[in-house]
Amino acid sequence: MASQQDTFKIFVLRHGQSELNHENIFCGWIDARLTDKGKQQARNSAQLIKQYCDNNDEPLPQVGYTSRLVRTQQTMEVIMEELALKGDFSVISGDVHALKKIELPDELLVKGQLPVLQTWRLNERHYGAWQGQRKPNVLKDVGDEEYMRIRRDYQGKPPLVDLSLEMVQPNEKGAATGYEFKEPNRTVKYATEDAAGETLPISESLAEVVTRIRPFLDGVVLRIAKKYKLDSCIIVGHGSSVRSLLKIIEDITDQEIKNVDIPNGIPLVIEFDKNDLSFIKSFYLDPESAKINAAKVRKEGFEKNP
Ligand SMILES: O=C(O)[C@H](O)COP(=O)(O)O
């Protein structure tokens, strides 16, 4: 059995509550911001991580990763502030060849620093034409079975979004951030990806998120862990990107993943053997709250606002 020091750990969490989580609205790639409750969840996450590191005589996470959506960036900023970590956010192209070449300068890998890389590959599942719609209304329209099939079946995929209607146009106000339940403009917000010639989705199943996240997990997170002999890193993602990471790392079946829900803002520790990066185990730092809040996520749409 590997001892604490022989393990590499990923602290992974879903962002804190967003304005659209609060309104019970499908969010996907709409760039909703955190609510005050969401910021508090991020602060609690930081305290849990600190406690864990102190109790186990472990350093704080050495590298951070977020999606390209502002709710994960805000969550990471609050965590960094709480942990007194300094560092810059940099957007990386998701191109699979470029991912394998990313390096971290030595001066960033020092105590008190947290370089944070941001990639669309960690974005929430693109929720297609359901984005911006209230969950109870969609449920009413399509019925319980179809609603849960699209939300949780591995191959379930929402209808495609029409970007000419549901994305802010390049010269409209809010092109970089989105507004009124629309996505930010892709050529403005995703200029790095655009320049690299990447194709971004207009609706996704969980299976497709797994496919797009795998090259990032292998090519960046695990490769960098090995190359720089890291003890840990921290990933702030979304319901679907965290489910996808768990599916790959823990080899969860297509059937079983249907029953996995991710609470907002509660860190999960995933331990790997440092030598061969094989998965050892995973556990929530606050398992009781994780269980209660995951059950609430599952019921979204069936019950009043979270
Ligand atoms: O994008 C969203 O609205 C949520 O973050 C994920 O929604 P779900 O739990 O209904 O899949």
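The coordinates are above.
Okay, so let's go over this structure. (Residues numbered from 1 in each chain as written. Predicted model: local features only at pLDDT ≥ 70, side-chain atom pairs only at ≥ 80, totals over all residues. Heavy atoms only, no water.)

**Things to note about the pairing of strand S6 (residues 268-273)**
(1) Moving on: Among the six residues of S6, six are classified as buried, and the element is accordingly described as predominantly covered.
(2) Moving on: Direction of pairing for strand S1 (residues 7-14) relative to S6: antiparallel, over a ladder of six bridges. Counterpart to Lys9 in the pairing with S6 is Glu271.
(3) Moving on: The sheet contact formed by S6 and strand S7 (residues 279-284) spans five bridges and is antiparallel. By the bridge assignment for S7, Val269 is matched with Phe283. (Buried < 20%, exposed > 50% of the residue type's maximum accessible area, 1.4 Å probe, protein only. Helix = DSSP H or I, 4+ residues; strand = E, 2+ residues; numbered from the N terminus. Pairing = 2+ DSSP bridges.)

**Here we look at the sheet that holds strand S5 (residues 232-237)**
(1) Moving on: With respect to topology, seven strands assemble into an open sheet ordered S3-S4-S2-S5-S1-S6-S7, the strand pairing being mixed. Only two strands of the sheet have a single neighbouring strand rather than two, namely strand S3 (89-91) and S7. On average, each strand axis in the sheet is tilted by 20° relative to the strand beside it, whichever way the strands run.
(2) Moving on: Along the sheet, helix H11 (residues 239-250) contacts S1, S5, S6 and S7; its crossing angle with S1, the most-contacted strand, is approximately 150°. (Axes fitted to C-alpha atoms, helices over the stretch in contact; angles between N-to-C directions. Contact = heavy atoms within 4.5 Å.)

**Some remarks on the pattern of salt bridges**
(1) Moving on: This model, assessed by the stated rule, comprises 16 salt bridges.
(2) Moving on: Note that Glu193 is salt-bridged to Arg68, the shortest N-O span being 2.8 Å. Within this pair, whereas Glu193 is found in helix H9 (residues 191-195), its partner Arg68 is found in the loop between strand S2 (63-66) and helix H3 (70-82), the two being separated by 125 residues in sequence.
(3) Moving on: Classification of Glu193 as buried rests on a relative accessible area of 0%.
(4) Moving on: Residue class for Arg68 comes out buried when judged on its relative accessible area of 10%. (Salt bridge = Lys/Arg side-chain N within 4 Å of Asp/Glu carboxyl O.)

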